[in-house]
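# A closer look at the structure
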Amino acid sequence: QVQLVESGGGLVQPGGSLRLSCVASGFTFSSADMSWYRQTQGKERELVASITVAGGTTNYKDSVKGRFTISRDNAKNTVYLQMRSLTPEDTAVYYCNALVNWPWGRLAYWGQGTQVTVSS
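Read on for a plain summary of the structure. Because the structure is predicted, anything quoted here is derived from the model rather than measured.

Here the focus is the nonpolar core. Met34, Trp36, Val79, Leu81, Met83 and Tyr94 are the most contacted members of the largest nonpolar core, which has 28 residues in total. Among the secondary structure elements, those contributing two or more residues to this core are β3 (18-25), β4 (33-39), β5 (46-51), β7 (68-73), β8 (78-83), β9 (92-102) and β11 (114-118). For this core, the element with the most residues is β9, which contributes five residues. Other than its neighbours up to four places away in sequence, Met34 contacts Leu4, Phe29, Ala49, Ser50, Ile51, Ile70, Arg72, Val79, Cys96, Asn97 and Ala98.

Under the definition given, this model contains four aromatic pairs. Both rings, one in Phe27 and one in Phe29, keep their centres 6.4 Å apart while their planes meet at 40°; by these two values the pair is tilted. The pair Phe27 / Phe29 is uniform in exposure class, with both members buried. Look at Tyr37 and Trp110: their rings are 4.8 Å apart centre to centre, the planes differ by 70°, and that puts the pair in the edge-to-face class.

Taken residue by residue, a regular strand's side chains alternate between the two faces of the sheet. Alternating residues of β7 divide into Phe68, Ile70 and Arg72, all buried, and Thr69, Ser71 and Asp73, none buried. Relative to β8, β7 runs antiparallel, the two sharing six bridges. Each residue of the ladder has a partner; that of Thr69, found in β8, is Gln82. Joining the antiparallel neighbours β7 and β8 is a turn of four residues, in which Asn77 adopts a positive phi near 55°.

What follows deals with the environment of Gln41. Examined against the element boundaries, Gln41 turns out to sit in the loop between β4 and β5. Distance from Gln41 to Pro14, taken between C-alpha atoms, is 20 Å for residues 27 residues apart in sequence.

Further remarks concern the pattern of salt bridges. Following the criterion strictly, the structure yields six salt bridges and no others. The salt bridge partner of Asp90 is Arg38, with a shortest N-O separation of 3.0 Å. With Asp90 in the loop between β8 and β9 and Arg38 in strand β4, this residue pair connects regions lying 52 residues apart in the sequence. Of the residues examined, Arg38 reaches a relative accessible area of 5% and is grouped as buried. The partner of Asp90 in a salt bridge is Arg67, with the nearest N and O atoms 2.8 Å apart. Taken together, the positions of Asp90 in the loop between β8 and β9 and Arg67 in the loop between β6 (58-60) and β7 put the pair 23 residues apart, joining distant regions of the chain. Each member of the pair, Asp90 as well as Arg67, is classed as buried. Residues participating in the shared-partner salt-bridge network are Arg38, Glu46, Lys61, Arg67 and Asp90.

Rules used in this analysis
- Residues numbered from 1 in each chain as written.
- Predicted model: local features only at pLDDT ≥ 70, side-chain atom pairs only at ≥ 80, totals over all residues.
- Heavy atoms only, no water.
- Core = buried A, V, L, I, M, F, W, Y, C linked by side-chain atoms within 4.5 Å.
- Buried < 20%, exposed > 50% of the residue type's maximum accessible area, 1.4 Å probe, protein only.
- Helix = DSSP H or I, 4+ residues; strand = E, 2+ residues; numbered from the N terminus.
- Contact = heavy atoms within 4.5 Å.
- Phe/Tyr/Trp six-rings, centres within 6.5 Å; stacked < 30°, edge-to-face > 60°.
- Pairing = 2+ DSSP bridges.
- Salt bridge = Lys/Arg side-chain N within 4 Å of Asp/Glu carboxyl O.

In short, geometric facts, not functional conclusions.
Structure, rendered in structure tokens:
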């Protein structure tokens, strides 16, 4: 059973930092591309950052470049999102996503989400 469990969200003041974690289980983590998405009420879920299997390639939404860093620890089956210089526009529910390669195909899985609120 695939599970993605996010943690690390919370309330932070503008300019502050948070680190999100997503612990994965039920699949070979080192063979999955991992991403962080976020969603605010009434809007579509959007890709924030992604990292390839070996961590060699990362991609970021333009508005978070230079402020957010995605990383992974394959030994701990964990992907991280370090967020700095947070602004109220970063307020959202953040979701962990895994693209898992199975013998029968590639499937996407989601965590339950963790709320990030940036407010003074």
